[in-house]
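# Residue-level structure breakdown
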Amino acid sequence: VLGILLILWTGFWCTLILGTIGMRFKDVGQAITAIMSAVFFFTPVFWHADRLREYAFIVDLNPFYHYLHIVRGSLLGEAGVGTSFIWAVACSLVVTVLGALAFGFFARRLSYWK
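Residues numbered from 1 in each chain as written. Predicted model: local features only at pLDDT ≥ 70, side-chain atom pairs only at ≥ 80, totals over all residues. Heavy atoms only, no water.

### Brief notes about the packing of helix α1 (residues 2-24) against helix α4 (residues 63-76)
- Packing of α1 against α4 brings their axes to within 9 Å, and their N-to-C directions diverge by 155°. Classified by the angle their axes make, α1 and α4 are roughly antiparallel. α4 is crossed by α1, and the crossing has left-handed handedness. Side by side, α1 and α4 meet where G3, I4, L6, I7 and T10 of the first sit next to Y67, I70 and V71 of the second.
- When the residues that make up the contact of α1 with α4 are grouped by side-chain class, the tally is six nonpolar, two polar and no charged. (Axes fitted to C-alpha atoms, helices over the stretch in contact; angles between N-to-C directions. Helix = DSSP H or I, 4+ residues; strand = E, 2+ residues; numbered from the N terminus. Parallel < 35°, antiparallel > 145°, perpendicular 65-115°, else oblique. Left-handed = near helix turned anticlockwise from the far one by under 90°. Contact = heavy atoms within 4.5 Å. Nonpolar A, V, L, I, M, F, W, Y, C, P; charged D, E, K, R; others polar.)

Right, here's the structure in full:
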């Protein structure tokens, strides 16, 4: 339950960042769509991270993996959920600060909000 709440919290702030910047700069939406399609295949959704063997450290740098692992890993009883939870909380704090800064910086420049 905490993992899902953390994902919702981070998703809200990511949406605020991307929505604000996307409203200000119209081409950002297409770039986000392309990037998210690629990130989906780099995140171990359909495959396990242990298949990478000596390159498994690359998965540890992917924040989407940690959000996925705190929910899936705790349901399956996998090891390393605590480490992923720490990574996810750290990423959530960074995204929260960036979301507040982006909204504060660009909100005055958006034409439909005044």
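Having put the structure on the table, let's press on.
### What about α1?
- With 23 residues, α1 extends 33 Å from end C-alpha to end C-alpha; this agrees with the ideal 33 Å at 1.5 Å per step.
- For α1, the full list of buried residues reads G3, L6, T10, W13, L16, I17 and T20.
- As for α1, its buried residues are in contact with α4 and α5 (81-106). (Expected span 1.5 Å × (residues − 1). Buried < 20%, exposed > 50% of the residue type's maximum accessible area, 1.4 Å probe, protein only.)

### A word on the nonpolar core
- Core analysis: the largest hydrophobic core is formed by five residues, namely W13, L16, I17, V95 and A102.
- Only α1 and α5 provide two or more residues apiece to this core.
- Looking at this core element by element, the count peaks at three residues for α1.
- Apart from residues no more than four positions distant in its own chain, W13 is found in contact with V95, T96, G99 and A100. (Core = buried A, V, L, I, M, F, W, Y, C linked by side-chain atoms within 4.5 Å.)

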